[in-house]
Amino acid sequence: YAINPKSNVVSCKVPANLPKNFPRFTDFLFEKTERFSDRDVLVCSQSGRKLSHSQLRHEARAFGSRLVEREILKNKNDSLSIVCPNSIEFAISFFGTIAAGGVISPTNPVYVKDELAHNFHLAEPKGVVTTSAQLDAVLEAIDLLGSKNTIGSVIVTDIATERDLKHKFRIPQGVKILPWGEFNGQTSSNAMVKGADSFSQDDLVVLPFSSGTTGLAKGVHLSHKSLAANILQMSCPGMSNIQEHEILVGLLPFFHIYGMNAILGFGIYHGGTNILLEKFEPSALLNLLLKYEPTLFHLVPPILNFLARSPDVKEEHLASLKTITCGAAPAPVTVINELIKKFPGMTASFQEGYGMTEASPVTHWIPYGCKNFGSCGGPLPDTRSAIRDVSTDKFLGSNKNGEIVVQGPQVMICYHKNPSATADTLTEDRWLKTGDIGYYDDKGFFYVVDRVKELIKVKGLQVAPAELEDILHKHPSLSDAAVVGIPHDKLGEAPRAFVVPKMGSDGKPVDVDPVNVQKMVEEHVSEHKYLAGGVEVVESLPKSLTGKILRRQLKADYLKK
Ligand code: AYL
């Protein structure tokens, strides 16, 4: 890495040689995969169903054309929400929408109605693709939105006819339920949305969600260029040893930018085969490793923990792997070392990546073969990074703590329809403020040491304290509440609530049952947001003069106990 002594900006000496103009994201991927026609692109490890690279191209284009012919998507920027686990249908609808000139807003398939309604409200999709398992929650979310609902069609991937459903589901007025069969198959039409020909590489193409540094989830405007550039940056010589025809473990969810671009998109671009597993289930994962002999395993710290510490994981399970890549939350050095000690004959090299949804996602990366564990790597090719003093805004030299900031083609355009959040996160010269505290060493390797933003990371997924606090504020016995992340062995971090009881008519605080508080939260959110770190009843919350909760102090006080 090069450290500029004047500007204190760190960059990678290897150039990414990015094209000046990127085509539509699907053209970027599909032009490259013409050569890999008959090779499997996706294999479902449970059912054995498969799709080849050429089938993906054809079925995606057919799906996209039907969306336009049926007027589900009409104009440029019309979006489709995907509420599906990792599946062949996820990929077909994802790339099909993009090929037809539409926008994808991907949503966690285990979300409950309140969470779905929030995302639908932000992204205003015209249609949803989901499974019958999630259909109830999707329809309830549409109901909740009432007059604000923009969804006219719900495509269900695992039903044959609409009639199969009508008896079991209450379908809101004006909403059509469409079985997958009507969207599947070959077509010669290549219909696209109106305005698709006025293409720019900076156009919005995927709108994932992130809470950023504060508050509730926001839509992140990722462009054709940002997604494609990041795939090329990760693929540069020296960065990864990816070759054509890798076999990848498709376990991390595709709705999250990690699974979506660093596994699905990255794998497709290189002609790889993604072996799908809907959720982390130890024995299913171990079977997958033996049966499909994957070469690349992208994972998050809790899965790394499992590999290193579970007695069920044996040398043979990891025998086919060339690379294990961990990202999305800090990988503890002790666990990496345990893994290496447990499997001395392991041929896989360990890599760590760092990044965020707002950066498509990867910005820092441990180059292939480098054993600098504990660091999250240096800036990817064509990425600049620095450490910014939080109070003076000055860029600091090596070995000094400050906020990590990043510049590069993979950085988002903005938060969707949210100029004030954008201005808080992107500086005028387009430095992305990560909200993470860290430093770089004399060689330009970065280390994350803390977080200034509110975000909690549970199993590598985002949990926004503001969302849980909003729910707690509605509890009849509470006058105030704050949520912070505390270290958790299995989850990485877990949300813990500090709650202040209301005063009773006798002038004493009312009784608050922590279990009841936990239960209330569980009615409104999906499982990874449950208060697994516990609920503590307190007299008051530490606050700044301006009334902001001092979360860091709460956390520090808790950890001291
Ligand atoms: P989001 N070490 C420490 N913290 C990390 C790391 C890491 N290696 N990677 C991500 N984070 C935290 O949007 C950090 O706080 O993106 C960061 O601001 O869900 C936040 O997670 C972003 O959370 C990779 C490398 C995917 C990174 C990613 C990031 C996707 C998560 C694939 O190879």
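Structural data are supplied above this passage.
S.K.: Lay out the overall build of the chain in plain terms, naming residues and giving numbers.
M.R.: A count of helices and strands for the chain gives 15 helices and 29 strands. In terms of overall size, the chain behaves like a compact globule, its C-alpha atoms giving a radius of gyration of 23 Å where 561 residues would be expected to give roughly 24 Å. Structurally, the chain occupies a C-alpha span of about 70 × 60 × 50 Å along its principal axes. Out of the 561 residues in the chain, the part that is buried amounts to 60%. Across the chain, contacts joining residues at least 24 apart in sequence account for 70% of those joining residues at least 6 apart. Summing over all exposed atoms, the chain offers an accessible surface of approximately 23,100 Å²; the carbon and sulfur share of this is 50%. Here the chain contributes 60 positively and 61 negatively charged side chains, and the mean placements of these two sets differ by 2 Å.

S.K.: Go over the nonpolar core with me, naming the residues and quoting the values.
M.R.: Residues F25, F94, F95 and L304 are the most contacted members of the largest nonpolar core, which totals 121 residues. Element by element, the count of residues in this core is highest for helix α8 (residues 257-269), at nine residues. If we skip the residues at most four places from it in the chain, L304 touches L299, I324, C326, A331, V335, I336, L339 and F350.

S.K.: A description of helix α11 (residues 333-342) should follow, citing residues and the corresponding values.
M.R.: Here α11 has its buried residues at V335, I336 and L339. Along the axis of α11, the buried positions cluster into a sector of 105°, meaning they face one direction only. Exposed positions of α11 whose direction lies more than 90 degrees from the buried face are T334 and K341. Against α10 (301-309), β16 (323-326) and β17 (349-355) lie the buried residues of α11.

S.K.: Describe the sheet that holds strand β23 (residues 432-440), with residues and values.
M.R.: The strand order across the open sheet built from six strands is β1-β2-β20-β21-β23-β24, with neighbouring strands paired in antiparallel fashion. Strands with a single pairing partner mark the edges of an open sheet, and in this sheet they are β1 (2-3) and β24 (446-451). Pairing geometry for strand β20 (residues 384-388) and strand β21 (residues 402-407), over five bridges, is antiparallel. Within β21, the position partnered with R384 by the bridge is Q407.

S.K.: Report on helix α2 (residues 53-69), specifying residues and quantitative values.
M.R.: In this model α2 runs 24 Å from its N-terminal to its C-terminal C-alpha over 17 residues, within 8% of the 24 Å that 1.5 Å per residue would give. Within α2, 13 of the 17 residues are buried, which leaves it mostly tucked inside the rest of the structure. Within two residues after α2, E71 carries a phi angle of roughly 60°, on the positive side.

S.K.: Report on the side chain of N86, specifying residues and quantitative values.
M.R.: When you line up the elements, N86 lands in the loop between β5 (79-83) and α3 (88-99). By relative accessible area, which is 5% here, N86 ends up buried. At 3.2 Å, the side chain of N86 forms a polar contact with the backbone oxygen of G250. At a separation of 2.9 Å, a polar atom in the side chain of N86 contacts the main-chain carbonyl oxygen of L252.

S.K.: Summarise the site of the ligand; cite the residues concerned and give the values.
M.R.: The environment of the ligand is made up of 21 residues, and the closest members are G353, T357, D436, K453 and K457. Here E352 contributes a side-chain N or O atom positioned 2.9 Å from a nitrogen atom of the ligand. Measuring from an oxygen atom of the ligand, one finds a side-chain N or O atom of K453 at 2.7 Å. Protein coverage of the free-state accessible area of the ligand, which is 650 Å², stands at 99%. Mapped by element, the contributors of at least two residues to the shell around the ligand are β17, β18 (362-365), β23 and β24. With four residues, the single largest contributor to the shell around the ligand is β17.

S.K.: Residue-level account of the side chain of S105, with values.
M.R.: Structurally, the position occupied by S105 is in strand β6 (residues 103-106). Discounting chain neighbours no more than four positions away, the residues touching S105 are L80, S81, I82, A123, L207 and F209.

S.K.: Explain unusual backbone geometry residue by residue, including any values.
M.R.: Here the residue pair S360 and P361 is connected by a cis peptide bond, since its omega of -5° sits within 30 degrees of zero. Of note, P361 is situated in the loop between β17 and β18. Its identity is not glycine, yet N8 carries a phi of approximately 60°, on the positive side. By the secondary structure assignment, N8 is in the loop between β1 and β2 (10-11). Phi at E124 takes a positive value of approximately 45°, unusual for a residue other than glycine.

S.K.: Give a description of the packing of α2 against α3 that names residues and reports values.
M.R.: α3 packs onto α2 with a crossing angle of 60° between their chain directions and a minimal axis gap of 7 Å. Taken together, the axis directions place α2 and α3 in an arrangement best described as oblique. In the packing of α2 onto α3, the handedness of the crossing is right-handed. Along its contact with α2, which presents L56, E59, A60, R61, F63, G64 and L67, the element α3 presents A91, I92, S93, F95, G96, T97 and A99.

S.K.: Describe the packing of aromatic side chains, and please don't skip the residues or the numbers.
M.R.: Under the counting rule described, the total for this entry stands at 16 aromatic pairs. With a centroid separation of 4.9 Å and 85° between ring planes, the pair formed by F94 and F95 is classed as edge-to-face. Note on F94: relative accessible area 1%, which makes it buried. Aromatic rings pair up to connect F30, F90, F94, F95 and F254 into one cluster. Above the face of the Y269 ring, K32 is positioned so that its terminal group lies 3.9 Å from the ring centre. Taking NZ or CZ as reference, K218 lies 5.7 Å from the ring centre of Y415, over its face.

Scoring rules and cut-offs
- Residues numbered from 1 in each chain as written.
- Predicted model: local features only at pLDDT ≥ 70, side-chain atom pairs only at ≥ 80, totals over all residues.
- Heavy atoms only, no water.
- Helix = DSSP H or I, 4+ residues; strand = E, 2+ residues; numbered from the N terminus.
- Rg over C-alpha atoms; globule rule 2.2 N^0.38 Å.
- Buried < 20%, exposed > 50% of the residue type's maximum accessible area, 1.4 Å probe, protein only.
- Contact = heavy atoms within 4.5 Å.
- Areas by Shrake-Rupley, 256 points an atom, 1.4 Å probe, with all protein chains shown as cover.
- Lys, Arg positive; Asp, Glu negative; His and termini not counted.
- Charge placed at Lys NZ, Arg CZ, Asp CG, Glu CD.
- Core = buried A, V, L, I, M, F, W, Y, C linked by side-chain atoms within 4.5 Å.
- Arc of directions from axis to C-beta.
- Pairing = 2+ DSSP bridges.
- Expected span 1.5 Å × (residues − 1).
- Polar contact = N/O pair within 3.5 Å; in protein donor to acceptor, adjacent residues only side chain to side chain.
- Near = heavy atom within 4 Å.
- Axes fitted to C-alpha atoms, helices over the stretch in contact; angles between N-to-C directions.
- Parallel < 35°, antiparallel > 145°, perpendicular 65-115°, else oblique.
- Left-handed = near helix turned anticlockwise from the far one by under 90°.
- Phe/Tyr/Trp six-rings, centres within 6.5 Å; stacked < 30°, edge-to-face > 60°.
- Lys NZ or Arg CZ within 6 Å of the ring centre and 35° of its normal.

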